[in-house]
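# Report on the structure
Here is what each chain is made of, one letter per residue.
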Amino acid sequence: MNTIESLSELRSVVKAWKLSGLIVGFVPTMGNLHAGHLSLVELAKQRCDKVVVSVFVNPMQFGPDEDFDSYPRTFQADSEKLASLSVDVLYVPSVAEMYPNGLEQSVVSVPPALTGLLEGASRPSHFDGVSTIVCKLFNMVQADVSVFGKKDYQQLRVIQQMVQDLNIPIEVVAAPIVRDVDGLALSSRNQYLSKTERAIAPKLSVVLQDIALAIESGNQSFTVLTDVATQRLLDEGFDLVDYIQVCDSITLQAAESASQSLVILAVARLGNARLLDNREVEL
Ligand code: PAF
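Residues numbered from 1 in each chain as written. Predicted model: local features only at pLDDT ≥ 70, side-chain atom pairs only at ≥ 80, totals over all residues. Heavy atoms only, no water.

## Description of the overall build of the protein
Rules: Note on conventions: DSSP H or I runs of at least 4 residues are helices, E runs of at least 2 residues are strands, and numbering of each starts at the N terminus. When we talk radius of gyration, it's over C-alpha atoms, and the globule rule is simply 2.2 Å times the number of residues to the 0.38. Categorising residues by exposure relies on relative accessible area from a 1.4 Å probe, with only protein chains included: less than 20% of the type maximum marks a residue as buried, more than 50% marks it as exposed, and the intermediate range marks it as partly exposed. The contact criterion used is simple: two residues touch if any of their non-hydrogen atoms lie within 4.5 Å. Per-residue and other accessible areas follow the Shrake-Rupley method at a 1.4 Å probe size, with only the shown protein chains counted as cover for residues. By the counting scheme adopted, Arg and Lys are positive, Glu and Asp are negative, and His together with the chain ends is not counted. We put the charge of a Lys on NZ, of an Arg on CZ, of an Asp on CG and of a Glu on CD.
Within the protein, the regular secondary structure consists of eleven helices and nine strands. The C-alpha atoms of the protein give a radius of gyration of 19 Å, which matches the 19 Å a tight globule of 283 residues would have. A principal-axis box enclosing the C-alpha atoms of the protein has dimensions of 55 × 40 × 40 Å. Every one of the 283 residues in the protein was classed for burial, and the buried ones make up 52%. Taking the contacts inside the protein whose residues are at least 6 apart along the sequence as the reference set, 72% of them involve residues at least 24 apart. Accessible surface computed for the protein: about 12900 Å², of which carbon and sulfur atoms make up 51%. The average position of the 22 basic charges and that of the 34 acidic charges among the side chains of the protein differ by 4 Å.

Written out as structure tokens, the structure is:
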């Protein structure tokens, strides 16, 4: 595995691959890699001849009170995991190379219909930070295919919308959520959970599964279902439920009937962890 820090070196490596007609895949990450990330890499490897993975903790997508400084940085372990999967290039740009003029730079902004709700409602500039860094990375790597996890479902939709709106020549592949044996969706932030909280955390996936089953059996009282689920989580020991909402899987607007393709999106807080999860419902 070739670990590259400079953009010019990355460009010359990828250019040589493309001149040889090779298909290039790209997986952007913020590091602290777990089996969920590695599943994205595996998918990219299946689809492409060469795979680039980036590790960059992007300051632009963290709010002032969020965990940018304490976000786990585990470069050595990440590098070993990626090397064991025979990733071709690990791209680790510095903040100075990524943002030479600081964060006061051009921003890619996907319309608020998709970015102003759910995660965007409580994290106002988060998706501008995500779409800007992903657009920059797409321009830097120039891959043919990129892989994003469905765990960050709204992020996936934002990237798909950006690629469509800006005619970015890259295919976005959506990868399924990877879960622990007890159903908890894997996340770098799960390590913020204490032992007791870790035992409670899988209830989030259980209530989502129960809502999905109810909808599949014909229940269309979405608000009742999500209110009951919210109360169940609080009774189980969650500190706060930011939202549980049944949404249209494309627009992410609140769904009105089960005749749509749906996704149930949820965020709940347990101790210092803010847990995201979702379930798709295809009828
Ligand atoms: O999902 C993430 O890890 C980040 O939001 C991403 C896509 C790497 C952009 O920084």
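After that view of the structure, there is still more to cover.
## Examining the pattern of salt bridges
Which entries qualify depends on this criterion: One side-chain nitrogen of Lys or Arg within 4 Å of one carboxyl oxygen of Asp or Glu is enough to make a salt bridge.
Using the criterion set out here, one finds 14 salt bridges in the structure. With a shortest N-O distance of 3.5 Å, Glu-119 and Arg-123 are connected by a salt bridge. For Arg-123, a relative accessible area of 13% translates into the label buried. The network of salt bridges with shared partners includes Glu-66, Glu-119, Arg-123, Asp-242, Arg-269 and Arg-274.

## Let's talk about the site of the ligand
Rules: Here a residue is considered near a molecule or strand provided that any single heavy atom belonging to it is located within 4 Å of it. Nitrogen and oxygen atoms within 3.5 Å of one another constitute a polar contact, given that in protein one can donate a hydrogen and the other can accept it, and given that sequence-neighbouring residues count only through two side-chain atoms.
Taken together, Pro-28, Thr-29, Met-30, Gln-61, Ile-133, Phe-148 and Gln-155 make up all the residues around the ligand. Between the ligand and Gln-61 there is a distance of 2.6 Å, counted from an oxygen atom to a side-chain nitrogen or oxygen. In this structure, an oxygen atom belonging to the ligand sits 2.7 Å away from a side-chain N or O atom of Gln-155. When isolated, the ligand has an accessible area of 290 Å², and the protein chains bury 88% of it.

## A look at the nonpolar core
Counted only if it meets this: Nonpolar core, defined: a set of buried Ala, Val, Leu, Ile, Met, Phe, Trp, Tyr and Cys residues in which side-chain atoms within 4.5 Å join the residues together.
In this structure, Leu-10, Val-52, Tyr-91, Phe-138, Ile-159 and Met-162 are the most contacted members of the largest nonpolar core, which totals 47 residues. Contributing elements (two or more residues each) for this core: helix H1 (7-19), strand S2 (24-29), strand S4 (89-91), helix H7 (126-141), helix H8 (153-165), strand S7 (240-248) and strand S8 (262-270). At nine residues, H7 tops the list of elements feeding residues into this core. Each residue touching Ile-159, except ones within four places of it in the same chain, is listed here: Val-130, Val-134, Phe-138, Phe-148 and Val-172.

## Observations concerning the pairing of S8
In regular strands, side chains alternate between the two faces of the sheet. Definition in use: Two strands pair under a simple rule: DSSP has to find at least two bridges between them.
Within S8, eight of the nine residues are buried, which leaves it mostly tucked inside the rest of the structure. Pairing between S8 and strand S9 (residues 273-281): nine bridges, direction antiparallel. Residue pairing for S9: Leu-265 is matched across the bridge by Asn-278. In this antiparallel pair of consecutive strands, S8 and S9, the connection spans two residues, and Gly-271 shows a positive phi of 60°.

## Quick notes on the sheet that holds S9
For clarity, the cut-off: Interaxial angle, 0 to 180 degrees, is taken between N-to-C directions of lines fitted to C-alpha atoms, where a helix line uses only the stretch in contact.
Ordered in space as S7-S8-S9, the three strands form an open sheet in which the pairing is antiparallel. Each having just a single partner strand, S7 and S9 make up the two edges of the open sheet. Looking at each pair of strands side by side, their axes are set apart by 10° on average, direction ignored. Packed onto the sheet, helix H10 (residues 203-216) meets S7, S8 and S9 and runs at close to 20° relative to S9.

## Quick notes on the packing of aromatic side chains
What counts, and what does not: Only the six-membered ring of Trp is used, alongside the rings of Phe and Tyr, when aromatic pairs are assigned; centres must lie within 6.5 Å, and planes under 30 degrees apart are stacked while those over 60 apart are edge-to-face, with the rest tilted.
Following the criterion strictly, the structure yields five aromatic pairs and no others. On the basis of an interplanar angle of 45° and a centroid distance of 6.2 Å, the ring pair of Phe-56 and Tyr-99 is categorised as tilted. You can see Phe-56 sitting in the loop between strand S3 (50-55) and helix H3 (75-84) and its partner Tyr-99 sitting in the loop between helix H4 (95-98) and helix H5 (112-115), a full 43 residues away along the chain. Take Phe-56 and Tyr-99: they sit in the same class, and that class is buried. Centroid distance Phe-138 to Phe-148: 6.2 Å. Interplanar angle 80°. Geometry classified as edge-to-face. Of the two residues, Phe-138 sits in helix H7 while Phe-148 sits in strand S5 (residues 145-149), which places them ten residues apart along the sequence.

## A look at the state of the cysteines
Stated formally: Two cysteine sulfur atoms make up a disulfide if the distance between them is within 2.5 Å.
Tallied over the entire structure, the rule returns zero disulfides. Left without a disulfide partner, Cys-135 is nearest to the cysteine sulfur of Cys-48, which lies 19 Å away. Residue classification places Cys-135 among the buried positions, given a relative accessible area of 11%.

## Re unusual backbone geometry
In this structure, Asn-32 takes a positive phi of about 50° despite not being glycine. Among the structural elements, Asn-32 can be located in the loop between S2 and helix H2 (35-47). Located in the positive-phi region is Gln-142, a residue other than glycine, with phi close to 60°. One can find Gln-142 in the loop between H7 and S5. Taking the relative accessible area as the measure of exposure, Gln-142 reaches 41% and is therefore partly exposed.

Coordinates in, geometry out; function isn't part of it.
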